[in-house]
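Each chain, written out:
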Amino acid sequence: MEIKTVTIFGTRPEAIKMAPVVKALQESENIENKILVTAQHREMLDQVLRLFQLKPDFDLDIMKHKQSLTHIMAKALEGIEKVLTEVTPDLVLVHGDTSTTLAGALAAYYQKIPVGHVEAGLRTYDKYQPFPEELNRHLTGVIADLHFAPTGKAKNFLLNEGVDEGSIFVTGNTVIDALLYTANIDYTFEDPVLKEFDFDRGPVMLLTAHRRENWGQPLEDICYAVKELVENNSDLRVIYPVHLNPRVREVVFSILGGHNRILLIEPLDYLPFVHLMKSVDIVLTDSGGIQEEAPSLNKPVLVLRNVTERPEAVEAGTVKVVGTDREKIYNEVSCLLNNKDEYNKIALAKNPFGDGKAAGRIVKIIEDYFRKS
Ligand code: UD1
Ligand code: UDP
């Protein structure tokens, strides 16, 4: 049995979460996999490819400065079509909720190629939060033939939408596979600033924020809340690896730049970033992946969104949704800084996203699917 697959991804988080799947596909004797990257991200994608030693068979190199959603979709669709026509795979695998994800699924559908959706079934049911990820994920789910749901809750969302139960598989989230692999690599910071940074000298908060629905006023409010926290807590230090998106950087550098206890640094490669998460005390983020990862490292996470498509994290108590209101952010961070019991309650709650073996399960399901058909 020789199954031909194409894995499609384009951004940093997709690459991190697909890397374990690609590795597991490569280990299978029954599967020949080709890697297609849209390069919707460039530098932020390439660092993941290097860490996991992934060599794309096809690289569409579509990224443009300040690109629009239409640009990504149009370029990705066109490029993916050509590759799928050449390779004629038995299955296309996409991950999550980006523009690359939807383009990959749609391009495969146009050629009547079955689609496997990794990290299927996350929902807020608010089509503008997260934007455009909620609809990207939903539409990809409508196209997909195999749904790899990270949790039982994600499976239930799909069942409620009428998806055939036989096509849904609860696998855990592959981000935990990637995280455990990376966290176990022995590492000391090479970056001169982080190398010298004394993590034991008072509380350190890691901040990341980049989401489209937070551009403008919400991101400004986040920055002002952080500035006020640092000004009113003389031992608090903040590290913010700032996303390469110019729309994010303009706001962040103008409000938080120049403060000696706020370290604005370039996006970190995944290996140093994981080790940074291990070293800090609090994580404040609007990222999807970080909400899933930080709890496995016993770090409390405050989520800078009004709703999360990861309600299992809230129920498990590993994250708290704080939105983007300045006062609310200020109060919730202050609570973690001053209340050890509250801190431990979140930090030590059990992560619901998996056991680090999701990728192997996904590959076995793919083999079974083709054995039966
Ligand atoms: C994208 C995804 C989002 C995901 C995020 C992860 C969509 C619509 N959005 O958002 O779901 O959470 O990636 O980070 O798919 N840039 C660079 N170099 C890079 C990466 C980005 O310069 O390596 C700059 C470019 O100017 C680019 C801009 O950032 O135009 C925005 O990139 P884009 O992929 O459109 O949006 P993200 O906000 O990164
Ligand atoms: N990440 C990284 N370097 C950074 C910031 C984040 O490697 O400087 C990793 C993080 O550990 C997680 C992923 O990137 O695995 C999340 O990406 P992002 O926040 O850009 O996207 P989202 O998860 O919100 O889609």
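Scroll up to find the structure this text is about.
Residues numbered from 1 in each chain as written. Chains lettered and ligands numbered in written order. Predicted model: local features only at pLDDT ≥ 70, side-chain atom pairs only at ≥ 80, totals over all residues. Heavy atoms only, no water.

A look at empty space enclosed by the protein
All chains considered together, the criterion is met by 1 cavity of 30 Å³ or more. Approximately 30 Å³ is the volume attributed to the largest cavity. Taken together, Val118, Glu119, Phe148, Ala149, Pro150, Thr171, Gly172, Asn173, Thr174 and Ile362 form the lining of the largest cavity. For the lining of the largest cavity, a count of residues per class yields 5 nonpolar, 4 polar and 1 charged. (1 Å grid on protein atoms, 1.4 Å probe; cavity = no way out; pocket = protein on both sides within 12 Å on 5 of 7 lines; lining within 4 Å. Points joined across faces, edges and corners; volume = space filled by probe spheres on them. Nonpolar A, V, L, I, M, F, W, Y, C, P; charged D, E, K, R; others polar.)

Structural notes on the sheet that holds strand 3 (residues 58–59)
Read from one edge of the open sheet, 7 strands run 3-2-1-4-5-6-7, paired in parallel fashion. Because the sheet does not close on itself, it has two edges, and the strands there are strand 3 and strand 7 (168–170). Pairing of strand 2 (residues 31–37) with strand 3 involves 2 bridges; the strand directions are parallel. Following the sheet pairing, valine 37 is matched in strand 3 by aspartate 59. (Pairing = 2+ DSSP bridges. Helix = DSSP H or I, 4+ residues; strand = E, 2+ residues; numbered from the N terminus.)

Regarding helix 4 (residues 99–110)
Look at helix 4: 16 Å from first C-alpha to last across 12 residues, which is about the 16 Å you get at 1.5 Å a residue. Along helix 4, the positions that sit buried rather than exposed are Ser99, Thr100, Thr101, Leu102, Ala103, Gly104, Ala105, Leu106, Ala107 and Ala108. Against strand 1 (3–9), helix 1 (12–27), helix 3 (69–87), strand 4 (91–95), strand 5 (115–118) and helix 5 (133–143) lie the buried residues of helix 4. The opening residue of helix 4, the one whose side-chain oxygen lies 3.2 Å from the backbone nitrogen of threonine 100, is threonine 98. At the exit of helix 4 stands lysine 112, carrying a positive phi of roughly 55°. (Expected span 1.5 Å × (residues − 1). Buried < 20%, exposed > 50% of the residue type's maximum accessible area, 1.4 Å probe, protein only. Contact = heavy atoms within 4.5 Å. Polar contact = N/O pair within 3.5 Å; in protein donor to acceptor, adjacent residues only side chain to side chain.)

Observations concerning the site of ligand 1
Around ligand 1, the structure places 25 residues, and the nearest of them are Gln40, His41, Lys64, Ser99 and Glu133. Taking lysine 66, its main chain carries an N or O atom lying 3.1 Å from an oxygen atom of ligand 1. If ligand 1 stood free it would expose 750 Å²; the protein chains cover 95% of that surface. Looking at the shell around ligand 1, the elements with two or more residues in it are helix 2 (43–51) and helix 3. (Near = heavy atom within 4 Å. Areas by Shrake-Rupley, 256 points an atom, 1.4 Å probe, with all protein chains shown as cover.)

What about unusual backbone geometry?
Following glutamine 129, the chain continues into proline 130 via a peptide bond in cis, with omega recorded as -5°. Along the chain, proline 130 falls in the loop between strand 5 and helix 5. Each neighbour pair has its own omega, and for phenylalanine 131 with proline 132 the value is 0°, a cis peptide bond. Its location among the elements puts proline 132 in the loop between strand 5 and helix 5. Although it is not a glycine, lysine 66 sits at a positive phi angle of roughly 50°. Turning to its location among the elements, lysine 66 is positioned in the loop between strand 3 and helix 3. The partly exposed category is assigned to lysine 66, whose relative accessible area is 37%. One non-glycine residue, lysine 112, lies in positive phi territory at about 55°. Tracing the backbone shows lysine 112 in the loop between helix 4 and strand 5.

A word on the layout of surface pockets
Of the volumes computed, that of the second largest pocket is approximately 190 Å³. Tyr187, Glu190, Asp269, Leu271 and Pro272 are the residues nearest the centre of the second largest pocket, which is lined by 13 residues in total. At the level of secondary structure, the elements contributing two or more residues to the lining of the second largest pocket comprise helix 2 and helix 11 (270–279). Considering only residue class, the lining of the second largest pocket consists of 8 nonpolar, 1 polar and 4 charged.

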